[in-house]
Amino acid sequence: MHNICGCLIQTAPALAPAARDAIAATPGCEVHAEDRGRLVVTVEDTAECRAADIIMDLHQIPGVLGVTLTYHHFEARDDAAPAATAA
């Protein structure tokens, strides 16, 4: 299964740029938008870590005040899909 989480992350204004850079450098994370210290981020499972664990780790980044899960979706990975059969 492919696990996709959408999060809203609130950062302290003075630390927002450094927090954004740390989040963007975190495997499985992608920053999509930023407005006055609020970040829209997607978090996906990696080979080493589940998205839920990555989200918990985001709380430890200096300047991160809160992480809110706003969207969660599972879908089958292409490599997990059943093989097509020829007719």
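Please read all numbers here as calculations on a predicted model, not as lab measurements.

**Some details on the environment of leucine 15**
Its place among the elements puts leucine 15 in the loop between β1 (2-11) and α1 (16-24). As for leucine 15 and isoleucine 61, which are separated by 46 residues in sequence, their C-alpha atoms are 10.0 Å apart. Leave out the neighbours within four places in its chain, and leucine 15 touches Pro62 and Gly63.

**Some details on the side chain of threonine 11**
By the secondary structure assignment, threonine 11 is in strand β1. Classification of threonine 11 by relative accessible area gives buried; the value is 1%. In this structure the side chain of threonine 11 is engaged in a polar contact, spanning 2.7 Å, whose partner is the backbone oxygen of glycine 37. Here threonine 11 is in contact with Ala16, Ala19, Gly37, Leu39, Gly63, Val64 and Leu65, once residues within four sequence places are set aside.

**Some details on helix α2 (residues 51-58)**
When we look at burial in α2, the residues that qualify are Ala51, Ile54, Ile55 and Leu58. Summarising the axial view, the buried residues of α2 lie within an arc of 100°, below the 170-degree limit, and thus occupy one face. For α2, the secondary structure elements touched by its buried residues are β1, α1, β2 (29-35), β3 (38-44) and β4 (64-75).

**With respect to the pattern of salt bridges**
Using the criterion set out here, one finds five salt bridges in the structure. For aspartate 35, the salt bridge goes to arginine 36, with nearest N and O atoms at 3.2 Å. Here arginine 50 and aspartate 53 are joined by a salt bridge, their closest N and O atoms 3.5 Å apart. Several salt bridges converge on common partners, so that one network encompasses Arg20, Asp21 and Glu34.

**Re the environment of proline 27**
Position of proline 27 relative to the elements: it lies in the loop between α1 and β2. In this structure proline 27 comes out as exposed when scored by relative accessible area, which is 57%. Considered as a pair, proline 27 and alanine 47 are 20 residues apart in the sequence and their alpha carbons are 9.7 Å apart. Not counting residues up to four positions away in its chain, the partners in contact with proline 27 are Thr46 and Ile54.

**So, the confidence of the model for the chain**
Considering every residue of the chain, the mean pLDDT works out to 90; 90% of them sit at 70 or more. In this model, residues 82-87 is a region of pLDDT below 50 whose contacts with residues beyond four sequence positions or in other chains number zero contacts.

Analysis parameters
- Residues numbered from 1 in each chain as written.
- Predicted model: local features only at pLDDT ≥ 70, side-chain atom pairs only at ≥ 80, totals over all residues.
- Heavy atoms only, no water.
- Helix = DSSP H or I, 4+ residues; strand = E, 2+ residues; numbered from the N terminus.
- Contact = heavy atoms within 4.5 Å.
- Buried < 20%, exposed > 50% of the residue type's maximum accessible area, 1.4 Å probe, protein only.
- Polar contact = N/O pair within 3.5 Å; in protein donor to acceptor, adjacent residues only side chain to side chain.
- Arc of directions from axis to C-beta.
- Salt bridge = Lys/Arg side-chain N within 4 Å of Asp/Glu carboxyl O.
- pLDDT = per-residue confidence, 0-100.

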